[in-house]
Amino acid sequence: MQKRVFLAIIIVLLLLVGLLPVFSMLVNSLGLDSHFSFVAYEGVLTSRHQWVLMGHSMALSSIVTVFAVAVGVPLGILFGKTDFPFRSFFMFLFAIPLLIPPYITAVSWFDLLGREGLLAPFMGPQLTAAAGRFLFGLPGSALVLFSTFLSIPMILTMVFLKAVNPRLEEAGLLASGWRGVLKGITIPLILPGILLSAILVFLLSFGEFGVPNFLRYDVFPVESFTQFSAFYNFKAATAAAVPLAALTLAILAGEVWFLRKKGSQLRPSPDAATAFPIPLGKYRRLMFSSATVLGLVLVVLPFSVLVIQSAGIKNYVEAFNRAGDSIVRSILYAASGAVLLTFIGFFTGYLIQTKAVKFWRTIDFITIFLFALPGTVIGIGLVSLWNRPWANLIYGTSAIIILGYLARYTALTSRICATRLSQIPPSMEEAAQVAGAGWFRRMILIVAPLARRSIFAAFIVGYIFSLRDTGITMLVYPAGHDTLPVRIFTLMANGSSRLIAALCIIMIAITIVPAAILWAISRPVAGKEMT
Amino acid sequence: MKIIELNSVSKTYNSGSARALDNVSLKIGRGERVVILGPSGCGKTTILRLVAGFIAPDSGSISVGGKLVAKNGRVIVPPEKRHLGMVFQDLALWPHLTVKGNIEFGLKARGIAKAERVIRIRDILDLVGMADYSRRKPAELSGGQQQRVALARALVLEPGVLLMDEPLSSLDLELNVRLRKEILRLQEKFSFTLLYVTHDRNEAFDIATRIVIMDKGSVIDEKRNFAPDR
């Protein structure tokens, strides 16, 4: 009884926080003076400009997806399957751009290649102009989003590789070398993971508005943001957001259908620990050099530019003077969001893993759908639902920001917890049940302690993603409640590049420190819990 | 009165595609040692899980101690209220708790006062020969020692019925034989009813007073076993 009631509360909470705003947005976009109407959509669907924007979005996200998968999957195989040296360090290095707001990477490339960038004096006016043309537009946006989302296929490839039973590869090795085994056995087996990563990269880059906005490449998500923030045409903003939601829903539904057909599960193989790595042999040095160069170009170089640009105590003093309150708020909101995300994610992961309700697949799908949905869409949904006089306690306070975090990032914490929970034998909880323990006692004294590392990992991931959030926060933050990513974004219009660089470094620092802790603890996790 | 009764119990998995039990009826008297013997997939573990209350029968009814606990797809009395003991195939010792913590868990859950808990833990550890290991974690024990802790954890609650799901299957033959004798000794001392599942004929004949042979979800034979090896 305890279990049913509590999990029902968690489900209702998820629906209220996540789905209801999207539903409210849909209803809102269809109502004109209290009558059913498609007027708001006419402007969106009949305008040629909108279709051009949609084309831009498609082109950008397709390019990013192709490159991220083409590079990320080999990197995942290299780090997850071979004797490549310093694998976990490189994995962390390539994950850094994902952990921070993507527009910060765009700022760093601008500080490197822009008119007043670090390389400008060495490149001469013509080359600088060419670099500017490259950066401001499709190629620059694609480069930044490629480096941001590269780690998604890399990490998912590594996770899915753990699900491959090494005995299957060993059977293949008797007949063929590693190249044949990878091509004929391993890669076909992890294909659902590669597909999932491609879909996530496509949807996340499709919904990204900060980078294209900064690099002046007009894309569809910018439209709903502009309609809302510049013209305050709420109906047009919602109408522009609905196609994004529909596209996300359609693509994810296709993915679910495909994966169910394949019967694949994201569950580590119990024998994964016994797998031996592929020896790189004479290619080891070449692979190491290639990965090092890639890491230097995509991560170290742009972020070093920020360090150089922001050098000097004066810049940091000014940064703290201009945005000290936002820094504190960011940490506070992200920590509060992370606590709630961990709590809800743990129980959502539990109900998905134990199939505690008949419609557990639907719950899982809803969380993934909300994660893949552009932040601006969730933001507009939240405004649509909560911007009412009676809801001022939520809409007028930081609670609206936290609700946004919960709506979008529960998928991450629930997946982290579900993965770990899948490795705990059901007999652990059953033994406690037979011993006379009620559900809460079993959760608190048996299940949660057994999943404690994953709960901590979920907290850190929840913190990082709440901290880096820009799309939702930008739309919903009440006056005087802006976070650091939002403050940086607004200061970019008139702040000096040194101040922006200093703020970006602070943003990176408050993100990377907990991420480094996660990296440190995840190594024993990989050894103990994930196998 | 029978302490366990299964009346025309059927159970399917995977939304009806895999039939685990087909119209099984079984009555077990107080103090009996019943071993369910059969090959993998014959439904013997399903019977234990139904009696424990982890799953509900699709049709039929189950009574424990004269009380109806499950009927026609519904669990009426949940596992935590059936007052049974169970030793799992993988033992399911909680790795984050010490030996003492593992044994004490159920006593705390049932609201036993601390003074009594201390006495019962000491007594049961003495009985299974693990008194010197109370502060160890399960990972620091040998297979046989873990087995004893699992038994102690189940018996400390003084259950009327002990369910055992192939508890000795992972042990070598010598240890397996030694622990069979230990189980018999403990059963004699506590006089609990034993429902024991195995696919090993020797184990069955060593332990049982009655052997129930199963195949493909049905009981195909029942035998009294008059001379269990002590």
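Heads up: these notes are all about the structure in this document. What you see is a predicted model; the values in this text were computed from it and never measured.

## Concerning the overall build of chain B
- Looking only at helices and strands, chain B features six helices and 11 strands.
- Taking 17 Å as the expected radius of gyration for a compact globule of 230 residues, we find that chain B reaches 17 Å, a close match to that expectation.
- C-alpha atoms of chain B, sized along the principal axes, occupy 45 × 40 × 35 Å.
- Sorting the 230 residues of chain B into buried and exposed places 56% on the buried side.

## A short note on the pattern of salt bridges
Residues and elements named next belong to chain A.
- Enumeration according to the criterion identifies 27 salt bridges over all chains in this entry.
- Of the charged contacts in the structure, one is a salt bridge between R442 and E429, with a shortest N-O distance of 3.1 Å. Separated by 13 residues along the polypeptide, R442 in helix α21 (residues 439-450) and E429 in helix α20 (residues 426-434) bring together distant segments of the chain. Summarising the burial analysis for this pair, R442 and E429 share the class buried.
- By sharing partners, the salt bridges in this structure join D325, R329, D482 and R487 into a single network.

## Notes on helix α17 (residues 375-386) of chain A
Residue and element names in this part refer to chain A.
- The end-to-end C-alpha separation of α17 is 16 Å, in line with the 16 Å expected for 12 residues at 1.5 Å each.
- By the criterion of burial, α17 is predominantly enclosed, with 12 of the 12 residues buried.
- Along α17, the residues that are buried comprise G375, T376, V377, I378, G379, I380, G381, L382, V383, S384, L385 and W386.

## Digging into the interface of chain A and chain B
- Taken together, the 19 residues of chain A in the interface contact 22 residues of chain B.
- In total, chain A and chain B occlude about 1,700 Å² of area from one another, counting both sides; carbon and sulfur atoms represent 66% of this.
- Contact with chain B buries surface across chain A, with E430, V434 and A435 of chain A losing the most and accounting together for 32% of the total.
- Linking chain A with chain B are two salt bridges.
- In this structure, the salt-bridge partner of E80 of chain B is R442 of chain A, at a minimum N-O distance of 3.8 Å.
- Inspection of the chain A/chain B interface yields seven residue pairs in polar contact (both at pLDDT 80 or more).
- Where the side of chain A that touches chain B is concerned, the elements lending two or more residues are α20 and α21 of chain A.
- Of the residues forming the side of chain A that touches chain B, the biggest block, seven residues, is contributed by α20 of chain A.

What counts, and where the lines are drawn
Residues numbered from 1 in each chain as written. Chains lettered and ligands numbered in written order. Predicted model: local features only at pLDDT ≥ 70, side-chain atom pairs only at ≥ 80, totals over all residues. Heavy atoms only, no water. Helix = DSSP H or I, 4+ residues; strand = E, 2+ residues; numbered from the N terminus. Rg over C-alpha atoms; globule rule 2.2 N^0.38 Å. Buried < 20%, exposed > 50% of the residue type's maximum accessible area, 1.4 Å probe, protein only. Salt bridge = Lys/Arg side-chain N within 4 Å of Asp/Glu carboxyl O. Expected span 1.5 Å × (residues − 1). Contact = heavy atoms within 4.5 Å. Buried area = accessible area lost by both parts, 1.4 Å probe. Polar contact = N/O pair within 3.5 Å; in protein donor to acceptor, adjacent residues only side chain to side chain.

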